[in-house]
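What follows is the residue order along each chain.
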Amino acid sequence: MGKEWPLWEVFIRGSHGMSHRHVGSLHAPDAEMAIRNARDVYTRRNEGVSIWVVRAADIAASSPSDKGPLYEPSQSKVYRHPTFFDIPDDVGAM
Amino acid sequence: MDRDAALFEFLLRQGDTTLILAQRIGEWCGHAPVLEEDIALANTALDLIGQTQLWLGLAGEVEGKGRSADDLAYLRDAWDFRNLLMAERPNRDFGHTMMRQFLYDAWAHPMLTRLAASSEPRVAEIAAKAVKETAYHLERSADIVVGLGDGTDESHARMQDALDRLWPYAGEVFVADDADEVLAQAGIAPHPEELRAPWTETIRRVMAEATLTIPDSDFAHTGGRTGRHTEDLGHILSTMQWLQRAYPGATW
């Protein structure tokens, strides 16, 4: 390991949130300190009730140059959206 | 010494210690070695300022002369301050700052835990709020003492040096006087000696993990709790109080 602390990505679940959301990143020597640092950097205004941290190096990401083949084919497939059904009135808001 | 006089003294000791320690660690704001520690130290300082407002606010109430927490913080001179000498020790390096924080937290946590069961409900209320903050401060400072103590040769040497320098200031908190006896009798605060065992246990456990050697000495500088301070306190006060001194009553 070099002299720099590794980078961690931080995910926080808010008190009304259903899922953890990515809020940013920080440096820390280990997972425990990463959670403490995340608590101090990202939850000081009462934003969260749960913290996940993951080493940035452990995240596998799609490549921006694959944008065309990955995402463009779905642009022309409106039938995949469930907008062609008549919803009975007594179902109410969905 | 009657109950209220002892209680006033006690509240100043609590509030002045958190105030001066907060002022000291606040000096790191914008200067800490990494951004994450900078914010964490500022958070700790703000927690301690919050505790100060409660302790000194109640002190003014108990004194009954109409002095507010701000009056007590900004308009007293060094000899009226009752903070632990350890709180006013200069920061030196980051390791020294965190060692001081750990030695304080390891005492403050069991102290506040006991104060939460105080016979004086206003003291118990403040302690119940502060103990949660302090539990976190202790986890954090202990972790850093272990990380740096059991770190590189350089960080280990600095942490051992910090412990050796601070050790003679750590024991002040266990030396009881009349006010402490009155408070213990009334069930308002634990007897200072009662905290030595839990404190020592925490120190031994963390120092063993940090591979640091506890100095073989019981010598303790005293005086902070009775108003006899090192010259460092005057320097802190001149920074902290100059605005109220230069522009009395200034607000924003």
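Source: prediction; values computed, not measured. (Residues numbered from 1 in each chain as written. Chains lettered and ligands numbered in written order. Predicted model: local features only at pLDDT ≥ 70, side-chain atom pairs only at ≥ 80, totals over all residues. Heavy atoms only, no water.)

A.B. asks: Quick one: what's the story with the overall build of chain B, residue by residue and with numbers?
C.D. replies: A tally of regular secondary structure across chain B gives 10 helices and 0 strands. When the helices and strands of chain B are read in sequence order from the N terminus, they spell out α-α-α-α-α-α-α-α-α-α. Rg of the C-alpha trace for chain B: 18 Å, near the compact-globule value of 18 Å for 252 residues, within the 12% margin. Expressed as lengths along the three principal axes of its C-alpha atoms, the size of chain B is roughly 55 × 45 × 30 Å. (Helix = DSSP H or I, 4+ residues; strand = E, 2+ residues; numbered from the N terminus. Rg over C-alpha atoms; globule rule 2.2 N^0.38 Å.)

A.B. asks: Describe the pairing of strand E1 (residues 7-13) of chain A, naming the residues involved and giving the relevant values.
C.D. replies: All names here are of chain A. Sheet topology note: the E1/strand E2 (residues 21-27) ladder contains 6 bridges and is antiparallel. Looking at E2, one finds that Leu7 is bridged to His27. Relative to strand E3 (residues 50-55), E1 runs antiparallel, the two being bridged by 6 bridges. Opposite Ile12, over in E3, you have Ile51 as the bridge partner. (Pairing = 2+ DSSP bridges.)

A.B. asks: Run through helix H1 (residues 31-42) of chain A, naming residues and quoting values.
C.D. replies: Because the α-helix completes a turn every 3.6 residues, residues three or four places apart line up on one side. Between its first and last C-alpha, H1 of chain A extends 16 Å over 12 residues, near the 16 Å set by a 1.5 Å rise per residue. Restricting attention to buried positions, one finds in H1 of chain A the residues Met33, Ala34, Arg36, Asn37, Ala38, Asp40, Val41 and Tyr42 of chain A. The secondary structure elements touched by the buried residues of H1 of chain A are E1, E2 and E3 of chain A together with helix H2 (35-63) and helix H6 (121-149) of chain B. The backbone nitrogen of Glu32 of chain A has a side-chain oxygen 3.3 Å away, supplied by the residue at the start of H1 of chain A, namely Asp30 of chain A. (Expected span 1.5 Å × (residues − 1). Buried < 20%, exposed > 50% of the residue type's maximum accessible area, 1.4 Å probe, protein only. Contact = heavy atoms within 4.5 Å. Polar contact = N/O pair within 3.5 Å; in protein donor to acceptor, adjacent residues only side chain to side chain.)

A.B. asks: Please set out the packing of H6 of chain B against helix H7 (residues 153-170) of chain B residue by residue, giving values where relevant.
C.D. replies: Residue and element names in this part refer to chain B. Where H6 meets H7, the axes come as close as 7 Å, and the angle between the chain directions of the two elements is 125°. Here H7 runs oblique to H6, going by the angle between their axes. Where H6 abuts H7, its residues Val145, Leu148 and Gly149 lie against Ser155, His156 and Met159. For the contact of H6 with H7, the residue count by class is 3 nonpolar, 3 polar and no charged. (Axes fitted to C-alpha atoms, helices over the stretch in contact; angles between N-to-C directions. Parallel < 35°, antiparallel > 145°, perpendicular 65-115°, else oblique. Nonpolar A, V, L, I, M, F, W, Y, C, P; charged D, E, K, R; others polar.)

A.B. asks: Which residues make up the interface of chain B and chain A, and what are the values?
C.D. replies: Facing 12 residues of chain B, the contacting portion of chain A comprises 11 residues. Each partner contributes to the roughly 1100 Å² buried at the junction of chain B and chain A, and carbon and sulfur atoms together form 49% of this total. Summed over the shared surface of chain B and chain A, the result is 3 salt bridges. Across the salt bridge formed by Glu139 of chain B and Arg36 of chain A, the nearest N and O atoms sit 2.8 Å from each other. At the junction of chain B and chain A, the tally comes to 9 residue pairs in polar contact (both at pLDDT 80 or more). Of all the elements in the fold, those that place two or more residues in the side of chain B that touches chain A are H2 and H6 of chain B. The biggest single contributor to the side of chain B that touches chain A is H2 of chain B, with 6 residues. Classifying every residue of the side of chain B that touches chain A by side-chain character gives 6 nonpolar, 1 polar and 5 charged. (Buried area = accessible area lost by both parts, 1.4 Å probe. Salt bridge = Lys/Arg side-chain N within 4 Å of Asp/Glu carboxyl O.)

A.B. asks: Can you break down the sheet that holds E2 of chain A residue by residue, with the values?
C.D. replies: Residue and element names in this part refer to chain A. Spatially, the 3 strands line up as an open sheet ordered E2-E1-E3, and their pairing is antiparallel. Each having just a single partner strand, E2 and E3 make up the two edges of the open sheet. Each strand axis lies, on average, 30° off the axis of its neighbour in the sheet, ignoring direction. With respect to the sheet, H1 is in contact with E1, E2 and E3, its orientation differing from that of E2 by roughly 115°.

A.B. asks: Can you lay out the packing of aromatic side chains for me, pointing to particular residues and giving the numbers?
C.D. replies: As enumerated under the stated definition, the model contains 6 aromatic pairs over all chains in all. Relative to Trp55 of chain B, the ring of Phe10 of chain B has its centre 6.1 Å away and its plane inclined at 80°; by these criteria the two rings are edge-to-face. Residue Phe10 of chain B is found in helix H1 (residues 3-26), and its partner Trp55 of chain B is found in helix H2; the two are separated by 45 residues along the sequence. Using a relative accessible area of 5% as the deciding quantity, one classes Phe10 of chain B as buried. With relative accessibility at 0%, the residue Trp55 of chain B sits in the buried group. Relative to Phe94 of chain B, the ring of Trp28 of chain B lies with its centre 6.0 Å away and its plane at 90°, an arrangement referred to as edge-to-face. With a gap of 66 residues between them, Trp28 of chain B in the loop between H1 and H2 and Phe94 of chain B in helix H5 (residues 94-115) connect regions that are remote in the sequence. Each member of the pair, Trp28 of chain B as well as Phe94 of chain B, carries the same accessibility label: buried. Cluster of aromatic residues (ring-pair linked, three or more members): Trp167, Phe174 and Trp199 of chain B. Seen from the ring of Tyr136 of chain B, Arg39 of chain A lies directly overhead, with NZ or CZ sitting 3.6 Å from the centre. The positively charged end of Arg76 of chain B is found above the aromatic ring belonging to Phe81 of chain B, 4.3 Å away from the centroid. (Phe/Tyr/Trp six-rings, centres within 6.5 Å; stacked < 30°, edge-to-face > 60°. Lys NZ or Arg CZ within 6 Å of the ring centre and 35° of its normal.)

A.B. asks: Lay out the confidence of the model for chain B in plain terms, naming residues and giving numbers.
C.D. replies: Averaged over chain B, the pLDDT score is 97; the fraction of residues at 70 or greater is 100%. For this predicted complex, the interface confidence score (ipTM) comes to 0.73, while the overall pTM stands at 0.88. (pLDDT = per-residue confidence, 0-100.)

A.B. asks: So what about helix H9 (residues 196-209) of chain B? Which residues, and what values?
C.D. replies: Residue and element names in this part refer to chain B. Counted at 1.5 Å a residue, the expected span for H9 with its 14 residues is 20 Å, and the 20 Å between its end C-alpha atoms agrees. Those residues of H9 that fall on the buried side of the exposure criterion are Trp199, Thr200, Thr202, Ile203, Val206 and Met207. Axial view of H9: buried residues confined to an arc of 165°, hence all on one face. When the buried face of H9 is taken as reference, the exposed residues oriented beyond 90 degrees from it are Ala197, Glu201, Arg204 and Ala208. Where the residues of H9 are buried, they touch H5, H6 and H7. Just downstream of H9 lies Thr211, where phi reads positive at about 55°. (Arc of directions from axis to C-beta.)

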